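Next come the chains, spelled out residue by residue.
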Amino acid sequence: MKFSSITLQRWMLLTALAGIGMLVFGFYLQHVVGLNPCPMCIVQRYALIGVVVLGLIGWRLQGKGLALVALLLALDAGFGGFTAARQSWLQWYPPEIVTCGRDFYGMVENFPLNRAIPMIFKGSGDCTKVDWTFLGGSIANWSFVVFVVFGLLGVWVAFKSLKPRL
């Protein structure tokens, strides 16, 4: 099978499936391995959810609709990539005072429940801490690479879908 034989809609579906795979892996690292996500990790999860949703929408569209959704996917991936790049920077050059967020128990003890619940979804880990690596890259480093691939793929699909067929 050649890459050129894959339709643009299938590229969008593959992007959505890759995003789902990344989300599942993130939940595995959180709930099985025990890594606590930081606020930037949670923002990257939201960006991944956006990639998945836009990929699934783009899977069913053609023409200008596909181009618009693919560009939105590229913008969303750019936002996720920026967040991952910022987290990578913080990991390489950690500040003296970490201001990524509070821990779970500190939030519940110090805030009423109606304020603590939204804070829980913001994450509570340290953004500068590297808990897991693969081939020398942290989760943030690999997240950045994947977001760049998603963004480039979104731009490519957008331009290919607007190109007139001969």
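Just so we're clear, the structure is a prediction, and the values are computed from it rather than from any experiment.

Can you break down a nonpolar patch on the surface residue by residue, with the values?
On the surface, a cluster of nonpolar side chains totalling about 750 Å² of accessible area is made up of Phe 134, Leu 135, Trp 142, Phe 144, Val 145, Val 148, Val 149 and Leu 152. For the nonpolar patch, the element with the highest residue contribution is helix α6 (residues 139-162), accounting for six residues. Given a relative accessible area of 58%, Leu 152 falls into the exposed group.

Would you mind going over the environment of Leu 153 in detail, with residue names and values included?
For Leu 153, the position within the fold is in helix α6. Residues Leu 153 and Leu 8, spaced 145 residues apart in sequence, show a C-alpha to C-alpha distance of 9.8 Å. When neighbours within four sequence positions are excluded, Leu 153 is seen to be in contact with Trp 11 and Thr 15.

Residue-level account of the side chain of Gln 91, with values.
Inspection of the secondary structure puts Gln 91 in helix α3 (residues 63-92). Side-chain polar atoms of Gln 91 contact the side chain of Ser 138, separated by 2.7 Å.

Requested: an account of the packing of α3 against α6, with residues and values cited.
Between α3 and α6, the shortest axis-to-axis distance is 7 Å and the interhelical angle comes to 160 degrees. One way to sum up the angle between α3 and α6 is to call them roughly antiparallel. Taken as a pair, α3 and α6 cross one another with a handedness that is left-handed. Here the contact of α3 with α6 is composed, by residue class, of 18 nonpolar, eleven polar and one charged.

Please give an account of the nonpolar core that cites residues and values.
Met 12, Val 51, Leu 73, Phe 147, Phe 150 and Val 157 are the most contacted members of the largest nonpolar core, which has 21 residues in total. Residue assignment for this core shows that the elements contributing at least two residues are α1 (8-33), α2 (39-59), α3 and α6. With six residues, α3 is the largest single contributor of residues to this core.

About the cut-offs
- Residues numbered from 1 in each chain as written.
- Predicted model: local features only at pLDDT ≥ 70, side-chain atom pairs only at ≥ 80, totals over all residues.
- Heavy atoms only, no water.
- Patch = residues over 30% accessible without salt bridge, like charges linked within 9 Å, V, L, I, M, F, W, Y side chains within 5 Å.
- Areas by Shrake-Rupley, 256 points an atom, 1.4 Å probe, with all protein chains shown as cover.
- Salt bridge = Lys/Arg side-chain N within 4 Å of Asp/Glu carboxyl O.
- Helix = DSSP H or I, 4+ residues; strand = E, 2+ residues; numbered from the N terminus.
- Buried < 20%, exposed > 50% of the residue type's maximum accessible area, 1.4 Å probe, protein only.
- Contact = heavy atoms within 4.5 Å.
- Polar contact = N/O pair within 3.5 Å; in protein donor to acceptor, adjacent residues only side chain to side chain.
- Axes fitted to C-alpha atoms, helices over the stretch in contact; angles between N-to-C directions.
- Parallel < 35°, antiparallel > 145°, perpendicular 65-115°, else oblique.
- Left-handed = near helix turned anticlockwise from the far one by under 90°.
- Nonpolar A, V, L, I, M, F, W, Y, C, P; charged D, E, K, R; others polar.
- Core = buried A, V, L, I, M, F, W, Y, C linked by side-chain atoms within 4.5 Å.

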